[in-house]
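# Remarks on the overall topology
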Amino acid sequence: MEVTKEIKDRILAAIRANRENYPSDNKHAAALGISASVYNSLKKGITDKQVSDTNWICLARRLNVSLQNEIEWKVAETPTFLFITEQLRTCQESGVSALLCDLANIGKTFTARAYVKAHRNAIYVDCSQVKNKSRLIRFIAKEFGVNNNGRYADVYDDLCFYLRTLEHPLIILDEAGDLQYDAFLELKALWNATERGCAWYMMGADGLRAKITRSIENEKIGYTEMFSRYGDKFSKVTPDDGKEREVFLKAQAAMVVKVNAPERNDIMQIVNRTGGSLRRVYTEIEKLRKGGEA
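Everything in this summary refers to the structure shown in the same document.

Parameters and conventions
Residues numbered from 1 in each chain as written. Predicted model: local features only at pLDDT ≥ 70, side-chain atom pairs only at ≥ 80, totals over all residues. Heavy atoms only, no water. Helix = DSSP H or I, 4+ residues; strand = E, 2+ residues; numbered from the N terminus. Rg over C-alpha atoms; globule rule 2.2 N^0.38 Å. Buried < 20%, exposed > 50% of the residue type's maximum accessible area, 1.4 Å probe, protein only. Contact = heavy atoms within 4.5 Å. Areas by Shrake-Rupley, 256 points an atom, 1.4 Å probe, with all protein chains shown as cover. Lys, Arg positive; Asp, Glu negative; His and termini not counted. Charge placed at Lys NZ, Arg CZ, Asp CG, Glu CD. Phe/Tyr/Trp six-rings, centres within 6.5 Å; stacked < 30°, edge-to-face > 60°. Core = buried A, V, L, I, M, F, W, Y, C linked by side-chain atoms within 4.5 Å. Axes fitted to C-alpha atoms, helices over the stretch in contact; angles between N-to-C directions. Parallel < 35°, antiparallel > 145°, perpendicular 65-115°, else oblique. Left-handed = near helix turned anticlockwise from the far one by under 90°. Nonpolar A, V, L, I, M, F, W, Y, C, P; charged D, E, K, R; others polar.

Let us look at the overall build of the protein chain. Across its full length, the protein chain holds 14 helices and four strands. For 294 residues, the compact-globule formula gives about 19 Å, and the C-alpha radius of gyration of the protein chain, at 20 Å, lands near that figure. When burial is assessed residue by residue, the protein chain has 45% of its 294 residues classed as buried. Counted over contacts in the protein chain with a minimum sequence separation of 6, partners at least 24 positions apart contribute 69%. For the protein chain, the accessible surface area stands at approximately 15200 Å², while carbon and sulfur atoms represent 48% of it. Looking at the protein chain, you have 44 positive and 39 negative side-chain charges, and the mean spots of the two groups are 3 Å apart.

What follows is the structure, encoded as structure tokens:
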């Protein structure tokens, strides 16, 4: 696809905002996967012949910039948003780790991404995209602006060293249940190498809880130790009782609809069509904004 000037301007704005999370231009350039000279040109607003359309798309993906006219999603301070944000803040400030296992479609990923966008030295990892050890560690290194090419052992050592030099780094591991076994073991090793110097926050749905519980029960090497490092407990936001959970989910959905739906729409009518699923809320609001039939 052709990357228009309007899209490039939005990506440049995202680059400027993202710069706040890095200690230097060079580290930011490395995290974005571009050279220092190209970064300097983009910083000045010079885009002509600096970046290929393919790399513009890569930058957009990295910075979560939409290439289409999608909804600008406003933050609703739902119970899930407030709970996870507070846990992330506590972890980052104290250098401790935590583990959240809860239902899908309640806003876990949205909250994590919003937190990273607003906090220095915090990164978000979608583990479903970097399932094995090498891809995971190289991705984390790149996000922090550390060289992620070359021998794996060198990347790992450089990352460990750099994390110990940062002020309150935080690594959020989303969809952690998708990680392969070698990646889980490497996370334990990296946790050991950066103990109290780096905070970790692992998130997933009920499948992650089942995977960890089953592995501990079967005495699979590494899982008991890893669970201990993440506080020996599974955090959760949603109520266990079915009726209470339904009320909770619909209340959250109503909060999101209230701040994002076009005016003059019946909030509870929209909520009842979604069953409390925030992905479904997005779909319904998108239909309304495009003027289609809800």
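Another point: the packing of aromatic side chains. With the rule as written, the count across this model stands at five aromatic pairs. Relative to Y156, the ring of Y152 has its centre 6.4 Å away and its plane inclined at 35°; by these criteria the two rings are tilted. Taken together, the residues span about one helical turn, with Y152 and Y156 both in helix 8 (residues 152–165) at a distance of four residues. The class for Y152 is buried, based on a relative accessible area of 19%. Between Y181 and Y223, the ring centres sit 6.0 Å apart and the planes meet at 0°, which makes this aromatic pair stacked. Of this pair, Y181 sits in helix 9 (residues 181–193) while Y223 sits in helix 11 (residues 223–229), and the two are 42 residues apart along the sequence. The partly exposed category is assigned to Y181, whose relative accessible area is 29%. A relative accessible area of 2% means that Y223 is categorised as buried.

Before going further, it helps to examine unusual backbone geometry. The backbone of E175 sits at a positive phi, close to 55°, despite the residue not being glycine. Relative to the elements of secondary structure, E175 occurs in the loop between strand 3 (170–174) and helix 9. For E175, a relative accessible area of 34% gives the class partly exposed. Of note, the phi angle at E219 is positive, near 55°, even though the residue is not glycine. Residue placement: E219 occurs in the loop between helix 10 (206–217) and helix 11.

Turning to the nonpolar core, a few remarks are in order. By size, the foremost hydrophobic cluster in this structure holds 38 residues, and its most contacted members are V125, L136, F144, I171, L173, W200 and M202. Ignoring anything within four residues of it in the chain, the contact list for M202 reads A98, L99, L100, L173, A176, F184, L187, L208, M226 and Y230. C91, L100, L170 and Y201 belong to the second-largest nonpolar core, a separate cluster that totals 19 residues.

Here we come to the packing of helix 1 (residues 5–18) against helix 4 (residues 53–62). Direction vectors running N to C along helix 1 and helix 4 enclose 50°, while the axes themselves pass 10 Å from each other. Considering their axes alone, helix 1 and helix 4 lie oblique with respect to each other. Between helix 1 and helix 4 lies a crossing of left-handed hand. Residue-level inspection shows K8, I11, L12, I15 and N18 of helix 1 in contact with helix 4, the latter providing W56, L59, A60 and R62. Residue composition of the contact of helix 1 with helix 4, grouped by class: six nonpolar, one polar and two charged.

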